[in-house]
Amino acid sequence: ETGVTQSPTHLIKTRGQQVTLRCSSQSGHNTVSWYQQALGQGPQFIFQYYREEENGRGNFPPRFSGLQFPNYSSELNVNALELDDSALYLCASSPLPIAGAAFFGQGTRLTVV
Amino acid sequence: GQQLNQSPQSMFIQEGEDVSMNCTSSSIFNTWLWYKQDPGEGPVLLIALYKAGELTSNGRLTAQFGITRKDSFLNISASIPSDVGIYFCAGQGRSGSRLTFGEGTQLTVNP
């Protein structure tokens, strides 16, 4: 059974650019959630995808968008990058959207300069 | 929105000592989860609690789901150097499976 994998592990982008982060969910898990973790803080919920539809969204602007594919993998897209977008972006998968523990990938460290 | 207060913020202990940390919430949660995060890594699930009053152990770790459903604690017995890291509590409410995280407890174990 494979765990949650994210790519890339590190990324440096310039303010105003766009970025796409990728996540492969754990085998058997159909729900993927994305979190942003700023340095020294706990992860903050961005949004969740279930059956290729957005199923809940946190307090993030529309320039944060996502996709889920039929194989349950997911992408997080961020447009018009700002310096404050620099953070560790975490993907988590779970077997059901309503209950069940979430298992995290190793994260993508995004630095915006 | 929901807020989780996690304490203490940091702990410095000697190897072999027991550790206790807790989380309190202004809102009810249906699930409490405890994670450990090492630098540059994603959080790793330690214990999941699904029922008010539930007490669950995982090796030297014990966690409880508070009876009011607004709090949870994690105990680590006989700490060892590899217990070093940041411990996060997370609550899952009725609105879906989004997790609300505490601010973390930084644990340092001196050998």
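If you're wondering where the values come from, they're calculated on a predicted model, not measured in any experiment. (Residues numbered from 1 in each chain as written. Chains lettered and ligands numbered in written order. Predicted model: local features only at pLDDT ≥ 70, side-chain atom pairs only at ≥ 80, totals over all residues. Heavy atoms only, no water.)

1. Considerations on the overall build of chain B
- Helix and strand counts for chain B stand at zero helices and 11 strands.
- Reading chain B from its N end, one meets helices and strands in the order β-β-β-β-β-β-β-β-β-β-β.
- Against the 2.2 N^0.38 benchmark of 13 Å for 111 residues, chain B shows a C-alpha radius of gyration of 13 Å, consistent with a compact globule.
- If one aligns the C-alpha atoms of chain B with their principal axes, the spans along those axes are about 45 × 30 × 20 Å.
- Out of the 111 residues in chain B, the part that is buried amounts to 45%.
- A separation threshold of at least 6 residues defines the contact pool for chain B, and within that pool the share at least 24 residues apart is 53%.
- Entry remark: accessible area of chain B is about 5100 Å², with carbon and sulfur atoms responsible for 50%.
- Distance between charge centroids for chain B: 16 Å, based on 7 positive and 9 negative side chains. (Helix = DSSP H or I, 4+ residues; strand = E, 2+ residues; numbered from the N terminus. Rg over C-alpha atoms; globule rule 2.2 N^0.38 Å. Buried < 20%, exposed > 50% of the residue type's maximum accessible area, 1.4 Å probe, protein only. Contact = heavy atoms within 4.5 Å. Areas by Shrake-Rupley, 256 points an atom, 1.4 Å probe, with all protein chains shown as cover. Lys, Arg positive; Asp, Glu negative; His and termini not counted. Charge placed at Lys NZ, Arg CZ, Asp CG, Glu CD.)

2. Remarks on the state of the cysteines
- Tallying each qualifying case throughout the model produces two disulfides over all chains.
- A sulfur-sulfur distance of 1.8 Å marks the disulfide that ties C23 of chain A to C91 of chain A. In this structure, the disulfide formed by C23 of chain A and C91 of chain A twists by about -60 degrees around the S-S bond and is classed as left-handed. Highlighted residues: C23 of chain A in strand 3 (residues 19–24) and C91 of chain A in strand 9 (residues 87–94), separated in sequence by 68 residues. Pair check on accessibility: C23 of chain A and C91 of chain A agree, each one buried.
- Note on cysteine connectivity: C23 of chain B is disulfide-linked to C89 of chain B, with sulfurs 1.7 Å apart. What sets the handedness of the C23 of chain B and C89 of chain B disulfide is the S-S torsion sign, and at about -80 degrees it is left-handed. (Disulfide = S-S within 2.5 Å.)

3. Here's the deal with the layout of surface pockets
- Considering only enclosed or pocket space, the second largest pocket measures out at about 360 Å³ in volume.
- Lining the second largest pocket are 21 residues, with Q37 and G40 of chain A together with Q37, I86 and F88 of chain B positioned closest to its centre.
- In terms of residue count, strand 9 (residues 85–92) of chain B provides more of the lining of the second largest pocket than any other element does, three residues in total.
- Residues belonging to the lining of the second largest pocket are distributed by class as follows: seven nonpolar, 10 polar and four charged. (1 Å grid on protein atoms, 1.4 Å probe; cavity = no way out; pocket = protein on both sides within 12 Å on 5 of 7 lines; lining within 4 Å. Points joined across faces, edges and corners; volume = space filled by probe spheres on them. Nonpolar A, V, L, I, M, F, W, Y, C, P; charged D, E, K, R; others polar.)

4. Side note on the packing of aromatic side chains
- One pass over the full model with this rule turns up 10 aromatic pairs over all chains.
- A centroid spacing of 5.1 Å and a plane angle of 65 degrees characterise the contact between F60 of chain A and F64 of chain A, whose relative ring orientation is edge-to-face.
- By relative accessible area, which is 2% here, F64 of chain A ends up buried.
- Joined through ring pairs, the aromatic side chains of Y35, F45 and F104 of chain A together with Y35, F88 and F101 of chain B make up one cluster. (Phe/Tyr/Trp six-rings, centres within 6.5 Å; stacked < 30°, edge-to-face > 60°.)

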